[in-house]
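Examination of the molecular architecture
Residues per chain are reported as follows:
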Amino acid sequence: MRISTSQFYQQNLNSVLQKQSSTAALLDKLGTGKKVNTAGDDPVAAIGIDNLKQQNALVDQFLKNIDYATQRLSLTETKLGNSETVAMNMREQMLRAVNGTLTLGERQTLADELRAGLDELISIANSKDESGNHIFGGFQTDTPPFALDNNGNAVYSGDDGERQTIVAKDRSLSANISGDKAFMNAANPLGDYSVNYSTQLAGDPRIDQANISNPATYVADDYTFNFIANGANVNLEVRDSANGLVTTVTNFDSTSPVSFNGIEVTLSGTPKAGDSLTISPQSQVSLLDTFNQALGLLATDSVNTPAGQAELAQLLRNTDSGLAQLSVARGEAGNSLKQLDSYRSQHQDEILVNTSALSVLEDLDYASAFSEFTQQQVALDAVSNVFGRVGSVSLFDFI
């Protein structure tokens, strides 16, 4: 077969260009340290590399979300811990008021300390994060969630919203604790009713429990318990808010619960004729309102009366319930932090595995690449030299 001069030159030129292209590709790989720089280098590996990088990008976003949630919950947990400390100190001040020998001035000093503690609790409940958002406002983060009205009662203007943070595929965690869950809605230690003792108590009747026992027959209302003389004993009359007689217990015995209108009430103490108390529906109590009520009680001499002592005992029980609520809210924040740590560890392990797989797919073996580069360089030199020598041969040189 005869080869024309133009064909000879074209074939040799193509060979040189091919070797140059292969050498340039190797130089690119040596420069980047990657053996797959384009999909054309290895289409199958390129797909795997792209999938792994997308997975790592998603996991990186999860880790950023976890860091954000951790920061918020850590601040929340710290503030709840501070609230517990303040509330426990305030409870100790209330216990000191049980001492009947205190003068009005001494009790006023205790009341002043309670006021300072209540102000501190309100300040903690209105805490902000580093971005200026109120951490206990639920979804309402722009304005302070807590304030006191003209009567000193706590008003919560936030909501119970939970700001969810996506921490893994199909998994989200709340990154906040709402203020009503932490400070407002503690379980009423009496059950479903609160009690108001008459200021004219002569005995010491106490409500220990007041619960809805039969929802089917339950009648929601305020009920007044009047103790009536019956010789050496007393009878108990229960009347509704319209002063209608609901039930009568002859020869009242505090060891037996009183049942009426789907309600069961357990009492203790020794009432006397003329004593009276009223119960009202209330299944939750507020720690902040409890301290406000204690302030009003300590500011007067009524704390030394049977009614005052009964009310103070109830306020202490309400305080214990509020402290338990704070503890539960703090525990919830701590549990969420523990879960976040677990997810962080899982994601870090996943990134480590993905990075290892990426290294296998795309990282260049420098020893092999240098060897191949040397071979390509030798081949290119050889082709260039042969082409140069053969191209300069002429038939006239042999005539």
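Structural notes, computed from the coordinates. Computed from a prediction, not measured in an experiment: that's the story for all the values here.

Our next topic: the pattern of salt bridges. Side chains that differ in charge, positive against negative, can pair when their charged atoms come close. The tally for this structure, following the rule as stated, stands at 10 salt bridges. Each of Asp67, Asp341 and Arg344 takes part in one network of salt bridges that share partners.

Here we take up the packing of aromatic side chains. A full pass over the atoms with the stated rule returns six aromatic pairs. Residues Phe225 and Phe260 carry aromatic rings whose centres are separated by 5.9 Å and whose planes lie at 65 degrees to one another, so their mutual orientation is edge-to-face. Linking Phe225 in strand 8 (residues 223–230) with Phe260 in strand 11 (residues 258–260), this pair joins segments that are 35 residues apart in sequence. You can call Phe225 buried: its relative accessible area is 0%. Ring geometry for Phe227 against Phe252: centres 5.4 Å apart, planes inclined by 70 degrees, an arrangement best described as edge-to-face. Taken together, the residues Phe227 in strand 8 and Phe252 in the loop between strand 10 (245–249) and strand 11 connect sequence positions 25 residues apart.

Here Lys64 is to be found in helix 2 (residues 43–96). Separated by 102 residues in sequence, Lys64 and Ile166 have C-alpha atoms that sit 10.0 Å apart.

Moving on, we come to the nonpolar core. Ranked by size, the top nonpolar core spans 49 residues in total, and within it Met94, Phe146, Phe183, Leu288, Phe291 and Leu340 carry the most contacts. Taken together, the elements giving at least two residues each to this core come down to helix 2, helix 3 (104–125), strand 2 (154–156), strand 3 (164–168), helix 4 (179–184), helix 5 (287–298) and helix 6 (306–362). No other element matches the 10 residues that helix 6 contributes to this core.

Another aspect to go through is the pairing of strand 9 (residues 233–239). Here strand 9 lies mainly inside the structure; six of its seven residues are buried. Pairing between strand 8 and strand 9: seven bridges, direction antiparallel. Following the sheet pairing, Thr224 is matched in strand 9 by Arg239. Taking the residues between adjacent antiparallel strands as the criterion, strand 8 and strand 9 are bridged by two residues, where Gly231 takes a positive phi near 65 degrees.

We now examine helix 5. Under the 1.5 Å per step criterion, the end-to-end length of helix 5 is 17 Å for 12 residues, consistent within 8% with the ideal 16 Å. Across the 12 residues of helix 5, 10 count as buried, placing the element largely inside the fold. Buried within helix 5 are the following residues: Leu287, Leu288, Asp289, Thr290, Phe291, Asn292, Ala294, Leu295, Leu297 and Leu298. Looking at where helix 5 begins, the residue whose side-chain oxygen comes 3.3 Å from the main-chain nitrogen of Leu288 is Ser286.

Reading the values: the criteria
Residues numbered from 1 in each chain as written. Predicted model: local features only at pLDDT ≥ 70, side-chain atom pairs only at ≥ 80, totals over all residues. Heavy atoms only, no water. Salt bridge = Lys/Arg side-chain N within 4 Å of Asp/Glu carboxyl O. Phe/Tyr/Trp six-rings, centres within 6.5 Å; stacked < 30°, edge-to-face > 60°. Helix = DSSP H or I, 4+ residues; strand = E, 2+ residues; numbered from the N terminus. Buried < 20%, exposed > 50% of the residue type's maximum accessible area, 1.4 Å probe, protein only. Core = buried A, V, L, I, M, F, W, Y, C linked by side-chain atoms within 4.5 Å. Pairing = 2+ DSSP bridges. Expected span 1.5 Å × (residues − 1). Polar contact = N/O pair within 3.5 Å; in protein donor to acceptor, adjacent residues only side chain to side chain.

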